[in-house]
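Take a look at the letters that make up each chain.
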Number of protein chains: 2
Amino acid sequence: MILTIDLSSQIPIYQQIRDRVVEAVATGELAQGSPLPSTRQLAADLGINFHTVNKAYDLLRQEGLLVLNRKTGAVVQRDARTGPPPAGFTEEWSARLRTLLAEAVAQGLDGPGVLAACRTALTTFAGDVDATEQGEPA
Amino acid sequence: MILTIDLSSQIPIYQQIRDRVVEAVATGELAQGSPLPSTRQLAADLGINFHTVNKAYDLLRQEGLLVLNRKTGAVVQRDARTGPPPAGFTEEWSARLRTLLAEAVAQGLDGPGVLAACRTALTTFAGDVDATEQGEPA
DNA sequence: TCTTTGTTCTATAAGTAATAGAGCAGCACA
DNA sequence: TGTGCTGCTCTATTACTTATAGAACAAAGA
């Protein structure tokens, strides 16, 4: 797991770390049981304070993606996530999705273009997107 | 335009105002030329400080969605947005989309489910989503 | 003239982000 | 037993953000 962050970005460092880990879990690059570097190790690698990494890991634990303990270190927990998402997640997430898509439409992207962007992003993660739920396979 | 905000939310008030306006522009509820209440008026209606509204309007102006002047007040500018989005927007937006979709996949939503959520959100805005670009119309 | 508008300035209080240092308990390995 | 690494916690500081507030100005309208 190679993790790169942008120190000059507006997005907080701990948020960037969280986002990269979430994306790596989604792609499968970080599967269940995958070890992450220790907070101090990752902090040293990125040239930042270990408290910042701590905050990111703590966030990921709250989201149920990471298990932390002294024995095993930081380990990805994606088995439970193969089940349904936690209560309230889908509602809160849908609201954020709505805002993000609205932004693109308001800026002039057309509906099919936005959906194509979603599809493109999704294929990086899920692989097969056009399944039997709603889709019309090619 | 009825604008509601949640004072107990983690999301900053000025951001909520911006998000609601962006969504209203996307749905067409706020078309080109639609007037928005003055900063002081909206602040009074929402029970907040007018500087907070000012910040939201300023953000919307920077994004090219609003035109502000003493003559006309705050007016929606969506004609320019019927054209292509500003340079760099699509890249930055796609990165945020990727992170948001990854979040859902990591939490256990499957690919078709996520795409269906995108489609649902989009139909509120664009209406016809399955056009001739990438799509397979029903 | 009076009011309303956008705009700008300073200021304050509370919270967040990132830094830093110190320390403790659990575990592994030699 | 000792050393080292781990997660975890505590305090502290600096800088920035959020939201508040008050004041003032010029342009426009009634």
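Our subject is the structure listed above.
Here we summarise the structure given alongside this text. What you see is a predicted model; the values in this text were computed from it and never measured. Each chain carries its own residue numbering, running from 1 in the written order of its sequence. Here chains are named by letter from A upward and ligands by number from 1 upward, in the order in which they appear as written. Where local features are concerned, this predicted model is filtered to residues with pLDDT of at least 70; where side-chain atom pairs are given and counted, the filter is 80 or more; whole-chain, interface and lining totals use all residues. Where side-chain values are given, they derive from all heavy atoms of the structure, hydrogens and water being excluded.

A word on the relation of the copies chain B and chain A
Here comes step 1: The atoms used to superpose the copies are C-alpha atoms, taken from residues with pLDDT of at least 70 in both, and the fit is least squares. Rotating chain B by 180 degrees and translating it 0.0 Å along the rotation axis places it on chain A, where the RMSD comes to 0.0 Å. Here the two chains are linked by the operation of a two-fold rotation axis.
Here comes step 2: Taken together, the interface assignments show that 100% of the residues at the interface of chain B recur at the interface of chain A, consistent with an identical surface on both copies. Throughout, a contact is declared for two residues whenever any of their heavy atoms are within 4.5 Å.

A closer look at the protein's contact with DNA strand C
Here comes step 1: Ile 13, Tyr 14 and His 51 of chain A together with Arg 40 and Arg 70 of chain B are the nearest of the 23 residues found near DNA strand C.
Here comes step 2: It suffices for a single heavy atom of a residue to lie within 4 Å of a molecule or strand for the residue to be listed as near it. Near the protein, meaning within 4 Å, the atoms of DNA strand C are sugar or phosphate in a fraction of 53%, with bases accounting for the rest.
Here comes step 3: Pairs of N or O atoms within 3.5 Å make up the polar contacts considered here, provided that, within protein, one atom can donate a hydrogen while the other can accept it, and that residues adjacent in sequence are counted only when both atoms are side-chain atoms. Here a phosphate oxygen of DNA strand C sits 2.6 Å away from a polar atom, N or O, in the main chain of Ile 13 of chain A.
Here comes step 4: Interatomic distance of 3.3 Å between a side-chain N/O atom of His 51 of chain B and a base nitrogen of DNA strand C.
Here comes step 5: Only α1 (13-27) and α3 (50-62) of chain A together with α2 (39-46), α3 (50-62) and β2 (66-69) of chain B provide two or more residues apiece to the surface near DNA strand C. Put simply, DSSP H or I for four residues or longer makes a helix, DSSP E for two residues or longer makes a strand, and each gets a number counted from the N terminus.

So, the sheet that holds strand β3 (residues 73-76) of chain B
All names here are of chain B.
Here comes step 1: Pairing is antiparallel across the open sheet formed by three strands, whose spatial order is β1-β3-β2. The sheet is open, and its two edges are formed by β1 (35-36) and β2, each paired on a single side.
Here comes step 2: With two bridges joining them, β1 and β3 adopt antiparallel strand pairing. Note on β3: the bridge partner recorded for Pro 35 is Val 75.
Here comes step 3: On the sheet, α3 packs against β1, β2 and β3 and is oriented at approximately 120 degrees with respect to β2. In this scheme, strands are said to pair when DSSP sees at least two bridges between them. All axes here are fitted lines through C-alpha atoms, helices being fitted over the stretch that makes contact, and every angle between N-to-C directions spans 0 to 180 degrees.

Quick word on the interface of chain B and chain A
Here comes step 1: Each partner contributes to the interface: chain B provides 54 residues, whereas chain A provides 55 residues.
Here comes step 2: Summed over both partners, the accessible area lost on bringing two parts together, with a 1.4 Å probe, is the buried area. Both faces considered, chain B and chain A share a buried interface measuring about 5,200 Å² in area, 66% of it formed by carbon and sulfur atoms.
Here comes step 3: Interface area lost by chain B to chain A is led by Trp 93, Arg 98 and Gln 107 of chain B, which between them contribute 14%.
Here comes step 4: Every case where a carboxyl oxygen of Asp or Glu lies within 4 Å of a side-chain nitrogen of Lys or Arg is listed as a salt bridge. At the surface where chain B touches chain A, the tally comes to six salt bridges.
Here comes step 5: The interface formed by chain B and chain A holds 10 residue pairs in polar contact (both at pLDDT 80 or more) in total.
Here comes step 6: Counting residues per element, the ones that place at least two in the side of chain B that touches chain A are α1 (13-27), α4 (89-106) and α5 (111-125) of chain B.
Here comes step 7: Per element, the largest residue contribution to the side of chain B that touches chain A is 14 residues, and it comes from α4 of chain B.
Here comes step 8: Along the lines of polarity and charge, the residues of the side of chain B that touches chain A split into 29 nonpolar, 10 polar and 15 charged. Throughout, the ten residues Ala, Val, Leu, Ile, Met, Phe, Trp, Tyr, Cys and Pro are labelled nonpolar, Asp, Glu, Lys and Arg are labelled charged, and all others, Gly among them, are labelled polar.

Here's the deal with the protein's contact with DNA strand D
Here comes step 1: Around DNA strand D, 24 residues are found, and the nearest of them are Arg 40 and Arg 70 of chain A together with Ile 13, His 51 and Thr 52 of chain B.
Here comes step 2: When atoms of DNA strand D within 4 Å of the protein are sorted by moiety, sugar and phosphate together comprise 54%.
Here comes step 3: One nitrogen or oxygen atom from the main chain of Ile 13 of chain B is found 2.7 Å from a phosphate oxygen belonging to DNA strand D.
Here comes step 4: The contact in question runs from a phosphate oxygen of DNA strand D to an N or O atom on the side chain of Thr 52 of chain B, over 2.6 Å.
Here comes step 5: Every element with two or more residues in the surface near DNA strand D is listed here: α2 (39-46), α3, β2 (66-69) and β3 (73-76) of chain A together with α1 and α3 of chain B.
Here comes step 6: Among the residues forming the surface near DNA strand D, the class breakdown is eight nonpolar, nine polar and seven charged.

The quantities given are spatial measurements derived from coordinates; they are silent on function.
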